[in-house]
Amino acid sequence: MQSNYESIVPTIREFSGSSISIERYSKILTMVIAGEPLSSILNALVLLIEKEKLGTRASILLLSEDRQRLLTGAAPNLPDDYNSAIHGIEIGHGVGSCGTAAYSGECVIVEDIEHHPFWQAYKALPLQAGLRACWSEPIKDNAGQVLGTFAMYYDTVKSPTRLDLKLIQEAAKLASLAIERSRAFQFQQLAVNIFGHLPVALVTTDDKWSVLEANPALYQTLQLEKLVSFNPFEIFAPSGEIAVRSMLNELSRQQVWQGELATMSGKNQRLDLEVKVTSFSETLGGERRFAWLFNDITERKQANELIRYQADHDALTGLSNRSHLIEKVQQHIDQTNGKQPFGFMLMDLDNFKVINDTFGHECGDKLLVSVAKRLQQQLSPEIHLARFGGDEFALFIPFISDSEALEALAEQWRNALSHSYTLANGQKLYATISIGIARYISDAHNLESLLNCADQAMYIAKSQGRNRYQLFTLRMQQEAERHAKLLSALKLAVINQDFELHFQPIVCIETNQIIRAEALLRWQLDGEYVSPAEFIPIAEANGLIVQIGQWVRLHAMETLIELKNQAIDIGLSLNISTFEMWSDNLQDKLIASFDALGQQLCQGDYPYQGLTLEITESVLMEQHSHLIETLDTLRDKGIKISIDDFGTGYSSLSYLSHFPVDQIKIDKSFVQGADAAKKQQALIKAISSLSQALEVQVVAEGVETEPELAFIRGCGVEAVQGYYFFKPMNKASLFSLLQRQ
Ligand code: C2E
Ligand code: CA
Ligand code: CA
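First things first, this report covers the structure right here in the doc. (Residues numbered from 1 in each chain as written. Chains lettered and ligands numbered in written order. Predicted model: local features only at pLDDT ≥ 70, side-chain atom pairs only at ≥ 80, totals over all residues. Heavy atoms only, no water.)

**Some details on the overall build of the protein chain**
Cut-off, in case you're wondering: The secondary structure listing takes helices from DSSP runs of H or I that are at least 4 residues long and strands from runs of E that are at least 2 residues long, numbered from the N terminus. For the radius of gyration, the atom set is restricted to C-alpha positions; the globular benchmark scales as 2.2 Å times the number of residues to the power 0.38. Each residue gets one of three labels from its accessible area relative to the maximum for its type: buried under 20%, exposed over 50%, partly exposed in between, using a 1.4 Å probe on protein chains only.
In terms of helices and strands, the protein chain carries 27 helices and 27 strands. Its C-alpha atoms give the protein chain a radius of gyration of 54 Å, more than 25% over the compact-globule value 27 Å for 741 residues. Dimensions of the protein chain, computed from the C-alpha atoms along their principal axes, are close to 165 × 60 × 50 Å. Counting across all 741 residues of the protein chain, residues that qualify as buried make up 46%.

Below, the structure written as structure tokens:
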């Protein structure tokens, strides 16, 4: 813009030598500088020229935005009809004086409109308006681009003098000045407007951080009254010196930096800002300036943080959730290249289901919250606690992997948590926890197996009576693997009925005759017998025991018939698992199965009196009225009831008077070594004499030696089972043995 003012100075000086007065032209200049509307300035210019040059009627046309058409600028003394006919006319060679001048960029002098070729197509219009000559000068900007035309019309045929040509050129220059200035002014106005209303804070500074300009949004964002200096180290202090220094370093290498920084507002609130800073220099090689653009993203960040928090935390306890803790542990493993050992624990409230069922879920929830709180109070900050789901918590313990240290922590936490809890409603609960401990690297090389190890250890802690911790051991791993292998093989064996029955004779102590044999289940896996003590509990835990029991009953009952058919008069004992009598329904099924097998084998005339069922004390503990009914029903058929492993359970002799039983088998743990141990002797004697009084037969099992037998003999025991006489044998061996007897 400035250069345009400069260019006008010699112009005015030049006019001063002519008939045109400076004062008049200065009027245009004043209007331009005052920023008056373009139309007023152009109008004034036209009037000025007309006044200067009597008999002329001047007009200014402006080139449209697309540079194709002419639009009315100012022509106050040309007829309206004429002006509106010209408005919008397309420029081109031969489109009157102005259309041609605008098109060619050259001055076009038409002395006689009526006969000039440029006006052939349009002359009716001017002639009607009484216009006969038209001289047109293109108005150009500094760069020589056409902005419009300045024209002088006469009502007579007329050619311009040298001075006229000069006048028309100068008028076009003045118009150019007015147009350019007005457009720049408009642009500036727009820029100021944008700057002022920009919803983003903008501040420009020099390289000493003095504020050059700042928009209202800046003061609003920072909640400041005024700002003299914008030193990034002070402004972005909450982000820390390192962050600011790294931003400035980057800005020294490149023009733009974009990122997030924090500031303190004038009201001393921390604000998170999204910042874009551009460095530039005002003139070539001049001092560096910075334009800082930023907006407040505090709320957006807080909302994001809330969303992230909710995704990572458990709503009830506020602890990290499972996926968050797993993510953290995995991160730790990745960051240390899997080389840093650490500890991991799973904790589970004991009997939480019972608490939930008894006191309601609300109480259960409150208990979980209290446990979480109490546990948190125990933890040092580097330990991460999470609620893994349900009543299970997990602890990630970085840097501690020593088993003794971990056990000490587990014991400390178990002690702290196993307490009574008073809930908000005054309800008092006593809770205990079980803990499984696993160590990263020594127990497991990846997160998944680490969780597995902790889980197995916890399972053992639970199965060993709860309210305790258990460190994962390699043996657990092997046992778990063996357990899984046995279970899947056992399922197959059940389908294929891939079992055998062996028999161990039971001998009458007085006659040394075999009076009965106990049927014992045998199963081979990979060519080797698996101990029933190992696979029976697995079958019990998985419900397979009912089908297996059915198989045993069928084959034992068949064997009894075969014995009868060979005129061998001994009985058979069968083991019945506690799980087969777990419920009333199962007991009914058991009776039904004896009925059905009796029907199948002997059309209902089965010699049930040859059968003895061995049940354990635990059955008697759990069941009551229905069990008595069941046992009565079985005894009515002739089946005898024996209590197996007597003495190992809760051994209450009162069972013997409450339940209809025929026999007890004193467990081998009492029998073995009884010849030497006084206490064992006293117990066996007491059991035997009481049993005799109740008319219950007593059998001793596990007799292995002569001295054991000798001792037993004096105790009133009627029958003996043990390796001293016979080991369990297959059916063929049993039959040949009995035939010899
Ligand atoms: P149990 O019912 O107490 O069976 C007696 C166990 O003691 C048998 O072990 C037998 O081999 C063993 N035994 C007998 N005399 C001696 C001895 O003098 N010394 C020693 N050390 N042991 C002796 P087995 O056959 O390994 O059976 C183990 C357990 O598996 C049985 O204990 C029983 O609880 C269960 N079981 C076996 N067969 C069946 C079955 O068909 N059904 C159910 N439910 N359980 C069965
Ligand atoms: Ca038994
Ligand atoms: Ca036994």
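**Let's talk about the nonpolar core**
Quick reminder of the rule: In this description, a nonpolar core means a group of buried Ala, Val, Leu, Ile, Met, Phe, Trp, Tyr and Cys residues linked to one another through side-chain atoms lying within 4.5 Å. For this analysis, residues touch if any pair of their heavy atoms sits within 4.5 Å.
Grouped together as the largest cluster of nonpolar side chains are 82 residues, with contacts concentrated most on Phe499, Trp523, Phe594, Ile664 and Ile712. Tallying contributions element by element places helix H19 (residues 545-565) first for this core, with nine residues. What Ile712 contacts, discounting residues up to four positions off in sequence, is Ile509, Val671, Ile684, Ala700, Val703, Val717 and Val720. The next biggest cluster of nonpolar side chains, apart from the first, holds 33 residues, and it includes Leu29, Ile41, Ala171 and Leu177.

**As for the site of ligand 1**
Basically, it comes down to this: By convention in this text, a residue qualifies as near a molecule or strand provided that one of its non-hydrogen atoms is within 4 Å of it. Think of a polar contact as two N or O atoms within 3.5 Å of one another; within protein, one of them needs to be a possible hydrogen donor and the other a possible acceptor, and neighboring residues in sequence only count if both atoms come from side chains. Each residue is assigned to one of three groups, with Ala, Val, Leu, Ile, Met, Phe, Trp, Tyr, Cys and Pro labelled nonpolar, Asp, Glu, Lys and Arg labelled charged, and all others, Gly among them, labelled polar.
In the region of ligand 1, 21 residues are neighbours, and Arg522, Asp644, Lys668, Glu704 and Tyr723 sit closest. Here Asp645 contributes a side-chain N or O atom positioned 3.2 Å from an oxygen atom of ligand 1. Of all elements in the fold, only strand S20 (514-525), helix H18 (532-541) and strand S24 (640-646) reach the threshold of two or more residues within the shell around ligand 1. Broken down by class, the residue content of the shell around ligand 1 amounts to eight nonpolar, six polar and seven charged.

**Describing the packing of helix H17 (residues 474-496) against H18**
Put simply, the test is: Axis definition: a line fit to C-alpha positions, over the contact stretch in the case of helices; interaxial angles, taken between N-to-C directions, run 0 to 180 degrees. Should an angle lie under 35 degrees it is considered roughly parallel, over 145 roughly antiparallel, and from 65 to 115 roughly perpendicular; all remaining angles are considered oblique.
The interhelical angle for the contact between H17 and H18, taken along N-to-C directions, is 70 degrees, at an axis separation of 10 Å. As judged from the angle between their axes, H17 and H18 are roughly perpendicular. Within the contact between the two elements, H17 uses Arg482, His483, Leu486, Leu487 and Leu490 and H18 uses Glu534, Phe535, Ile538 and Ala539. A breakdown of the residues in the contact of H17 with H18 according to their chemical character gives six nonpolar, one polar and two charged.

**What about the pairing of strand S10 (residues 270-281)?**
Put simply, the rule reads: A pair of strands is considered paired only if DSSP assigns at least 2 bridges between the two.
Where strand S9 (residues 256-264) lies against S10, nine bridges are found, and the strand directions are antiparallel. Pairing of Trp257 across the sheet is with Val277, part of S10. Between S9 and the antiparallel strand that follows it, S10, lie five residues; Asn268 among them carries a positive phi value of about 65 degrees. Note: S10 against strand S11 (residues 288-296), nine bridges, orientation antiparallel. Bridging from a neighbouring strand, Phe280 pairs with Arg289 of S11.

**Looking at the coordination of the calcium ion (ligand 2)**
Stated formally: Because no water is among the atoms considered, metal sites can look incomplete, with donors defined as N, O and S atoms within 2.8 Å of the metal, or 3.2 Å for Na, K and Ca.
Glu518 (OE), Asn575 (OD1), Glu614 (OE) and Asp644 (OD) make up the full set of protein donors to the calcium ion (ligand 2), lying at 2.0 to 2.3 Å. All donor residues of the calcium ion (ligand 2) come from one chain, and their arrangement in sequence is E-x56-N-x38-E-x29-D. A distance of 4.0 Å spans the gap from the calcium ion (ligand 2) to the calcium ion (ligand 3), which Asp644 bridges by coordinating each metal. Placement of Glu614 in strand S23 (residues 611-616) and of Asp644 in strand S24 is noted, with a sequence separation of 30 residues between them.

**Quick word on the environment of Lys123**
If you trace the backbone, Lys123 turns up in the loop between strand S4 (108-110) and helix H6 (124-128). As a C-alpha pair, Lys123 and Ile113 span 10 residues in sequence and 6.5 Å in three-dimensional space. Once residues lying within four places of it in the same chain are set aside, the contact partners of Lys123 are Ile113 and Glu114. Within the structure, the side chain of Lys123 is placed 3.1 Å from the backbone oxygen of Glu114, a separation counted as a polar contact.

**So, the pairing of S20**
Of all 12 residues making up S20, 10 are buried, and the element is well covered by its neighbours. Taken together, the eight bridges between strand S19 (residues 500-508) and S20 define a ladder with antiparallel strand orientation. Of the residues in S20, the one forming a bridge with His502 is Leu520. Adjacent in sequence and paired antiparallel, S19 and S20 are bridged by five residues, among which Asn512 carries a positive phi angle near 65 degrees. With three bridges connecting them, S20 and strand S22 (residues 571-575) associate as parallel partners. When the sheet's bridge partners are listed, Glu518 is paired in S22 with Ser573. Linking S20 back to strand S21 (residues 528-530) in an antiparallel pair, the connection comprises two residues, with Asp526 at a positive phi of about 55 degrees.

**Considering a nonpolar patch on the surface**
What counts here: What makes a patch is a set of residues exposed beyond 30% relative accessible area and free of salt bridges, joined within 9 Å when like-charged and within 5 Å when nonpolar (Val, Leu, Ile, Met, Phe, Trp, Tyr). Surface exposure here means Shrake-Rupley accessible area, sampled with a 1.4 Å probe, where a residue is shielded only by the protein chains that are shown. Salt bridges are counted wherever a side-chain nitrogen of Lys or Arg sits within 4 Å of a carboxyl oxygen of Asp or Glu.
Taken together, the side chains of Phe187, Leu190 and Ile194 present a nonpolar region at the surface, about 330 Å² in accessible area. For Phe187, the position within the fold is in helix H7 (residues 162-197). In this structure Phe187 comes out as exposed when scored by relative accessible area, which is 58%.

**Regarding the coordination of the calcium ion (ligand 3)**
With distances of 2.0 to 2.7 Å, the protein atoms coordinating the calcium ion (ligand 3) are Asp644 (OD), Asp645 (OD), Glu701 (OE) and Glu701 (OE). Counting residues between consecutive donors of the calcium ion (ligand 3) along the chain gives the motif D-D-x55-E. By relative accessible area, Asp645 is classed as partly exposed at 24%. Taking the relative accessible area as the measure of exposure, Glu701 reaches 8% and is therefore buried.

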